[in-house]
2 protein chains.
Amino acid sequence: MSANLRLGGGGEFDRLRRIFARLGRTGRDLGDDCALVRVGRAWLAVSIDLSLEGVHFRTDWLSFADIGRRSAAAALSDLAAEAAAPIGVLVSLGVPGKGRGRGKGEGDRAAEIMAGVAAAARSVGASVLGGDLVRSERYIVDVCVLGWTTHPVRRDGARPGDGLWVTGALGGAQAALRSLTRGQRPGPALFRRFAHPEPRIAAGRRLADLGARAMIDISDGLAADAAHLAAASGVRVEIALEQVPCFRGVDRHRAAASGEEFELLAALPSRFRERDAQTFRRATGVPLTRIGRCARGSGVRVTDSGRSIAPPAGYNHFPAR
Amino acid sequence: MSANLRLGGGGEFDRLRRIFARLGRTGRDLGDDCALVRVGRAWLAVSIDLSLEGVHFRTDWLSFADIGRRSAAAALSDLAAEAAAPIGVLVSLGVPGKGRGRGKGEGDRAAEIMAGVAAAARSVGASVLGGDLVRSERYIVDVCVLGWTTHPVRRDGARPGDGLWVTGALGGAQAALRSLTRGQRPGPALFRRFAHPEPRIAAGRRLADLGARAMIDISDGLAADAAHLAAASGVRVEIALEQVPCFRGVDRHRAAASGEEFELLAALPSRFRERDAQTFRRATGVPLTRIGRCARGSGVRVTDSGRSIAPPAGYNHFPAR
């Protein structure tokens, strides 16, 4: 399997991961953000990302356009983590019949979702290539993304001594979700963070140019995704919690557990320093913060002001589910 | 939109088709089986196909492996209609939690579905490239297919005077569905036809080599898909119902209305004759039957032994829905 597989937690799913690995030609790439298909001197990077009503979104929290935009951004984030330039997206929609949707026809709602998908695609130079549409009981938005890369960055290239860096600020997505779950409307900045995530395409490509050895997008939470990178690369990842950049008002423990952040976690050679991060920020508009390093060993070690703590738990979509 | 869009019937969906057309760069390819991405001298053909429990399959009719196999075959059939050679598939699965599935864990059921997908992919030289897995209330199998072609065959190339040909024999899929809906188990051949459709990959590529000018796979029903080909090509399609090859025991009216047949309908130049069809059959093992021709005009004209009849209605998945 040269595969991107995003699997939830639990023993059943761990077993499934092994079964999937046997299906493919090679288990080497299992679990990376994108599958890669060699084309001449380049690689076609492909990934698929299923967003479901009640799991990834609720129609009383987001507009249909936001649902489309967020679902597409989540899929495009996998291309960012591969340092790929987006080509286009294909979208399968499941849309309920006339019984639902606040008086709107299913065509309206599907068109609004697609307008959001198209906006996310256009924002990174991609187009909507195709789609499928089926009537279903609940909303379904499945987005397949295609991109090109000449130098893919996988999860498995980190080496002991590399610095560990993260783009943006973490914790906003989960904080917004917590407000929404309590029936409160988050403030505008927090809501935008949840509703309109920006796939870090330009940032990912620049990190590759700057020598990134391994990269992953933060979908399961910083600590959980750091563990995936550590396992794939055969290194230990050390994170200093007090260095983690936090979204305004979010504490660092929550920031390190927050999923669906769609920021990038990258291992960069030790020669990459703070002044390089400043140059990166000027070029891309995206902050880049050193939060730790890679060492010999395995797993993730998280410290808070020098003291070891248990890695903050990963992300299971809606807390109340 | 250089797009594949499979839309159901009804005014809402017609309107949506127009909205989708505005999203893309060009409306020209809208509605074709695959979207095409130019890569050097070749084309990457991509398509996505959403199969839902209760719409496309039921778990009391098909094994989980059959559900995966049928869903993947449906998607691969779009590559066949484009005369593309499959590269691989990406699959998003929605699988219910422990409350459902006859005592099996969700990992078992997801693994069985993936085994079926992998079998369909392997049968045409493709591999499983990646996937996503989410817990959902009902089963979801969304398959994105990738293939290569140097000479894509679209729906829009038929010309007046071309012969109209169809692979295989029609009506089996719908006859099996009718039995299952009545609570009866179809005979083995009929059940196999429904559960294990074979994407006509080799047949599609050979038809392209033989000069096919337009091609479409029969997913909505012969008459409905002939109308799509006629509209895209700007020709009238004339079908002689008595020439339509029927699955054993199925009458020709039902055969011409039967959907999800995954056979190919092709417009071939008039120089292509019966003896060429015999050669085709020897090479591919697939029957090829002339059922009509293309003429100046628009729409579909169906005759039964010389008398005009109304085109048999298209296919709306489960009859009782």
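Rules of the game
Residues numbered from 1 in each chain as written. Chains lettered and ligands numbered in written order. Predicted model: local features only at pLDDT ≥ 70, side-chain atom pairs only at ≥ 80, totals over all residues. Heavy atoms only, no water. Helix = DSSP H or I, 4+ residues; strand = E, 2+ residues; numbered from the N terminus. Contact = heavy atoms within 4.5 Å. Areas by Shrake-Rupley, 256 points an atom, 1.4 Å probe, with all protein chains shown as cover. Phe/Tyr/Trp six-rings, centres within 6.5 Å; stacked < 30°, edge-to-face > 60°. Buried < 20%, exposed > 50% of the residue type's maximum accessible area, 1.4 Å probe, protein only. Lys NZ or Arg CZ within 6 Å of the ring centre and 35° of its normal. pLDDT = per-residue confidence, 0-100. Axes fitted to C-alpha atoms, helices over the stretch in contact; angles between N-to-C directions. Left-handed = near helix turned anticlockwise from the far one by under 90°. Nonpolar A, V, L, I, M, F, W, Y, C, P; charged D, E, K, R; others polar. Salt bridge = Lys/Arg side-chain N within 4 Å of Asp/Glu carboxyl O. Pairing = 2+ DSSP bridges. Polar contact = N/O pair within 3.5 Å; in protein donor to acceptor, adjacent residues only side chain to side chain. Parallel < 35°, antiparallel > 145°, perpendicular 65-115°, else oblique. Domains from an automatic or database assignment. Arc of directions from axis to C-beta.

Trainee: Run through the overall build of chain A, naming residues and quoting values.
Mentor: When helices and strands are tallied, chain A shows nine helices and 13 strands. Long-range pairs, those at least 24 residues apart, make up 84% of the contacts in chain A with a sequence separation of at least 6. Accessible surface, chain A as shown: approximately 12,200 Å² in total, 46% of it carbon and sulfur.

Trainee: Outline the packing of aromatic side chains, supporting the account with residue identities and numerical values.
Mentor: If you walk through the whole model with that rule in mind, you get four aromatic pairs over all chains. Arranged with centres 5.0 Å apart and planes meeting at 85°, the rings of B:W165 and B:F272 form a pair that is edge-to-face. With B:W165 in strand β7 (residues 163-167) and B:F272 in the loop between β10 (264-268) and α9 (274-284), the pair connects residues that are 107 residues apart, well separated along the chain. In this structure, B:W165 and B:F272 share a single accessibility class: buried. The residue whose ring lies beneath A:R70 is A:F194, and the NZ or CZ to ring-centre distance is 4.2 Å. Directly above the ring of B:F191 sits B:R185, whose terminal nitrogen or CZ lies 3.9 Å from the centroid.

Trainee: Run through the confidence of the model for chain A, naming residues and quoting values.
Mentor: Residues and elements named next belong to chain A. For chain A, mean pLDDT is 88; residues scoring 70 or higher make up 85% of the total. A low-confidence stretch, residues 1-12 stays under pLDDT 50, and its non-local contacts, those more than four residues away or across chains, total 62 contacts. Counting interchain partners and residues more than four positions distant, the pLDDT-below-50 stretch residues 24-29 has 14 contacts.

Trainee: Any details on the packing of helix α6 (residues 201-209) of chain B against α9(B)? Residues and values, ideally.
Mentor: All names here are of chain B. Viewed as axis vectors pointing N to C, α6 and α9 meet at an angle of 145°, and their least axial separation amounts to 10 Å. When you trace α6 past α9, the crossing you get is right-handed. Note on element contacts: α9 touches α6 through F280, A283 and T284, opposite A203, R206 and L207. In the contact of α6 with α9, the residues fall into four nonpolar, one polar and one charged.

Trainee: Got a sec to walk through the pattern of salt bridges? Specific residues and values, please.
Mentor: Tallied over the full model, the rule gives 26 salt bridges over all chains. With a closest N to O distance of 2.7 Å, B:R138 and A:E137 form a salt bridge. Pair noted here: B:R138 is in the loop between β5 (127-135) and β6 (140-149) and A:E137 is in the loop between β5 (127-135) and β6 (140-149), and the two residues belong to different chains. Here A:R213 ties to A:D162 by a salt bridge, and the two come within 2.4 Å at their closest N and O atoms.

Trainee: Please give an account of the pairing of strand β2 (residues 35-39) of chain B that cites residues and values.
Mentor: All names here are of chain B. For β2, the tally of buried residues reaches four of five residues, placing the bulk of the element in the interior. Where β2 meets strand β3 (residues 42-52), five bridges bridge the pair, whose relative direction is antiparallel. Following the sheet pairing, V37 is matched in β3 by L44. What sits between the antiparallel neighbours β2 and β3 is a turn of two residues, in which G40 has the positive phi angle 60°.

Trainee: An account of the side chain of B:S233 is requested, with residue identities and associated values reported.
Mentor: Residues and elements named next belong to chain B. For S233, the location among the structural elements is in helix α7 (residues 222-233). Here S233 falls in the buried class, since its relative accessible area comes to 14%. Among the polar contacts made by the side chain of S233, one reaches the main-chain amide nitrogen of A158 at a distance of 3.0 Å. In contact with S233, other than residues within four places in its own chain, are R155, D156, G157, A158 and A214.

Trainee: Any chance you could break down the packing of helix α4 (residues 172-181) of chain B against helix α5 (residues 188-195) of chain B for me, citing the residues and the numbers?
Mentor: All names here are of chain B. For the pair α4 and α5, interaxial distance at closest approach is 8 Å and the crossing angle is 105°. Of the possible angle classes, the one that applies to α4 and α5 is roughly perpendicular. Facing G172, A173, A175, A176, L177 and L180 of α4, the residues of α5 in contact are L190, R193 and F194. Here the residues of the contact of α4 with α5 are counted per class, giving seven nonpolar, one polar and one charged.

Trainee: Residues and numbers for the sheet that holds strand β8 (residues 214-217) of chain A, please.
Mentor: Whether parallel or antiparallel, the strands of a sheet pair through hydrogen bonds between backbone atoms. All names here are of chain A. As summarised here, the arrangement of the seven strands in space is β8-β10-β7-β11-β9-β12-β13, forming an open sheet in which the pairing is mixed. Two strands lie at the open edges of the sheet, namely β8 and β13 (307-309), each paired on one side alone. The sheet shows a mean angle of 30° between the axes of neighbouring strands, direction not considered. Against the sheet, helix α2 (residues 64-81) touches β8 and β10 (264-268), its axis set at about 170° to β8.

Trainee: Give a description of the domain arrangement of chain A that names residues and reports values.
Mentor: For interface size, the figure often reported is the accessible area lost on association. Residues and elements named next belong to chain A. When cut into domains, chain A gives domain 1 (32-149) and domain 2 (163-309). Taken together, the contacts link 21 residues of domain 1 with 21 residues of domain 2. On inspection of domain 1 and its partner domain 2, the count reaches one salt bridge. Elements represented by at least two residues in the side of domain 1 that touches domain 2 include exactly α2 and β4 (85-95). Sorting elements by how many residues they give to the side of domain 1 that touches domain 2 places α2 first, with 11 residues. Considering only residue class, the side of domain 1 that touches domain 2 consists of 14 nonpolar, two polar and five charged.

Trainee: Tell me what's going on with helix α6 (residues 201-209) of chain A, and back it up with residues and numbers.
Mentor: Residues and elements named next belong to chain A. Taken together, the buried positions of α6 are occupied by I201, A203, G204 and L207. Down the axis of α6, the smallest arc covering the buried residues is 165°, so these residues share one side. Away from its buried face, by an angle of more than 90 degrees, α6 presents the exposed residues A202 and D209. Positive backbone phi, approximately 100°, marks G211, located one or two places after α6.

Trainee: Requested: an account of the sheet that holds β10(B), with residues and values cited.
Mentor: Residue and element names in this part refer to chain B. With respect to topology, seven strands assemble into an open sheet ordered β8-β10-β7-β11-β9-β12-β13, the strand pairing being mixed. Each edge of the sheet is formed by a strand with only one pairing partner; in this case those strands are β8 (214-217) and β13 (307-309). The sheet shows a mean angle of 30° between the axes of neighbouring strands, direction not considered. Sheet topology places β8 next to β10; four bridges connect them, and they run antiparallel.

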